Amino acid sequence: QAGLPSLKIFQKDLRRLNFFTDYAVNHSDKIIAISNSTKNDLLKIYPKLKEEKIKVIYHGYDKEIFHENISQEEIEKIKNRYMLHVSRYMIFVGTIQPRKNIETLLEAFKILRRKEVHKDLNLVIAGSEGWLAENIVEKIKKTPGAIMTGKFETADLPALIAGAEVFVLPSLYEGFGLPVLEAMACGTPVVAAKNSSLEEIVNTSGLLFKAKNVDQLAQMMQSILENDKLKSTLREKGLSR
């Protein structure tokens with residue numbers, strides 16, 4: 001695709017990544033895995049690797065900036081900074097690339113927007129363009145109500161998340177899924193794909209859907225938007241998690 005690095009460059013990067021990963025696994029005294037999912041992946045890919053060599057240590061988050069006490073004034077200030085002149089929105093945070101499964105989110109969002117009560121709803125895509133992003137960006141631009149922030153400052157992310165009614169991470173694969181942790185810390189209800197590490201990290205503190213099931217995702221997002229009790233329950237569970 002025009003404007004993107006050639007496949008040869010990707011293949012070269014993949015070879016280098018595989019080489020250094022192989023070296024690290026085979027020469028390390030101990031391996032830290034960021035989730036049990038990542039640990040299990042390592043054991044599958046490297047069958048000679050001894051399980052006791054791996055220690056699971058979860059990621060943390062910055063409690064100074066990701067918390068539930070972000071003021072409405074701060075939220076409005078950051079929204080204005082990114083030209084988000086909207087009243088209601090859901091948010092996705094991550095690099096725009098195929099693995100993030102944004103197309104499924106867009107289709108589910110379209111279903112919601114067809115309902116009269118959600119015609120004012122917006123979908124904020126917060127993140128930079130990654131590899132093979134061109135087609136995905138075109139689909140975002142053609143989706144009414146979908147807005148891209150482009151690259152953002154980490155310090156602005158808590159307010160962007162806190163201002164959202166729902167946080168959605170539909171990824172096909174995550175080694176950990178740090179944005180869901182940050183969303184829960186901000187008190188925003190989480191919907192995530194039920195795969196890789198996401199089920200492990202979210203646990204019962206959010207709603208989990210089959211990654212390619214558009215209708216199931218739309219139903220879960222709708223249930224949060226239209227059920228204040230569910231929204232409050234997920235907020236409390238997320239903060240506790």
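Residues numbered from 1 in each chain as written. Predicted model: local features only at pLDDT ≥ 70, side-chain atom pairs only at ≥ 80, totals over all residues. Heavy atoms only, no water.

## Overview of the overall build of the protein
Then comes step 1: Looking only at helices and strands, the protein has ten helices and eight strands in total.
Then comes step 2: The globule rule puts the C-alpha radius of gyration for 241 residues at 18 Å, and the 19 Å found for the protein is close to it.
Then comes step 3: Over its C-alpha atoms, taken along the principal directions, the protein stretches across nearly 55 × 45 × 35 Å.
Then comes step 4: Counting across all 241 residues of the protein, residues that qualify as buried make up 46%.
Then comes step 5: Split by element, the accessible area of the protein, about 13000 Å² in all, is 52% carbon and sulfur.
Then comes step 6: Across the protein, the 35 positively charged side chains and the 30 negatively charged ones have centroids separated by 6 Å. (Helix = DSSP H or I, 4+ residues; strand = E, 2+ residues; numbered from the N terminus. Rg over C-alpha atoms; globule rule 2.2 N^0.38 Å. Buried < 20%, exposed > 50% of the residue type's maximum accessible area, 1.4 Å probe, protein only. Areas by Shrake-Rupley, 256 points an atom, 1.4 Å probe, with all protein chains shown as cover. Lys, Arg positive; Asp, Glu negative; His and termini not counted. Charge placed at Lys NZ, Arg CZ, Asp CG, Glu CD.)

## Focus on the side chain of Glu182
Then comes step 1: Here Glu182 is to be found in helix H7 (residues 178-185).
Then comes step 2: Here Glu182 occupies a buried position and makes no salt bridge, while the nearest side chain of opposite charge, Lys100, is found at 11 Å.
Then comes step 3: Not counting chain neighbours up to four residues away, the residues in contact with Glu182 comprise Tyr61, Phe66 and Leu157. (Salt bridge = Lys/Arg side-chain N within 4 Å of Asp/Glu carboxyl O. Contact = heavy atoms within 4.5 Å.)

## Structural notes on the sheet that holds strand S3 (residues 88-93)
Then comes step 1: Spatial ordering of the open sheet is given by S5-S4-S3-S6-S7-S8, a layout of six strands whose pairing is parallel. Looking along the sheet, the strands with just one partner apiece sit at the ends: strand S5 (146-150) and strand S8 (207-209). Pairs of neighbouring strands in the sheet enclose a mean axial angle of 25°, with direction left out of account.
Then comes step 2: Here three bridges tie strand S7 (residues 190-193) to S8, and the two strands are oriented parallel to one another. Counterpart to Ala193 in the pairing with S8 is Phe209. (Pairing = 2+ DSSP bridges. Axes fitted to C-alpha atoms, helices over the stretch in contact; angles between N-to-C directions.)

## Thoughts on the side chain of Ser197
Then comes step 1: Within the element layout of this structure, Ser197 appears in the loop between S7 and helix H8 (198-202).
Then comes step 2: Taking relative accessible area as the criterion, Ser197 reaches 0% and is therefore assigned buried.
Then comes step 3: One polar contact links the side chain of Ser197 to the main-chain carbonyl oxygen of Gly175, over a distance of 3.5 Å. (Polar contact = N/O pair within 3.5 Å; in protein donor to acceptor, adjacent residues only side chain to side chain.)

## A short note on the nonpolar core
Then comes step 1: Judged by nonpolar contacts, the single largest core of 64 residues is most densely connected at Met90, Ile91, Val180 and Val191.
Then comes step 2: Here Met90 is in contact with Phe109, Leu112, Leu121, Asn122, Leu123, Val124, Ala164, Val166, Met221 and Leu225, once residues within four sequence places are set aside.
Then comes step 3: Core analysis: the next-biggest nonpolar cluster, separate from the first, contains seven residues, Val25, Ile31, Leu42 and Leu49 among them. (Core = buried A, V, L, I, M, F, W, Y, C linked by side-chain atoms within 4.5 Å.)

## Digging into the pairing of S7
Then comes step 1: A two-sided burial pattern is seen for S7, the buried positions comprising Val190 and Ala192 on one face and Val191 and Ala193 on the other.
Then comes step 2: With three bridges connecting them, strand S6 (residues 166-169) and S7 associate as parallel partners. Residue Phe167 lies in a different strand from S7, and its bridge partner there is Val190.

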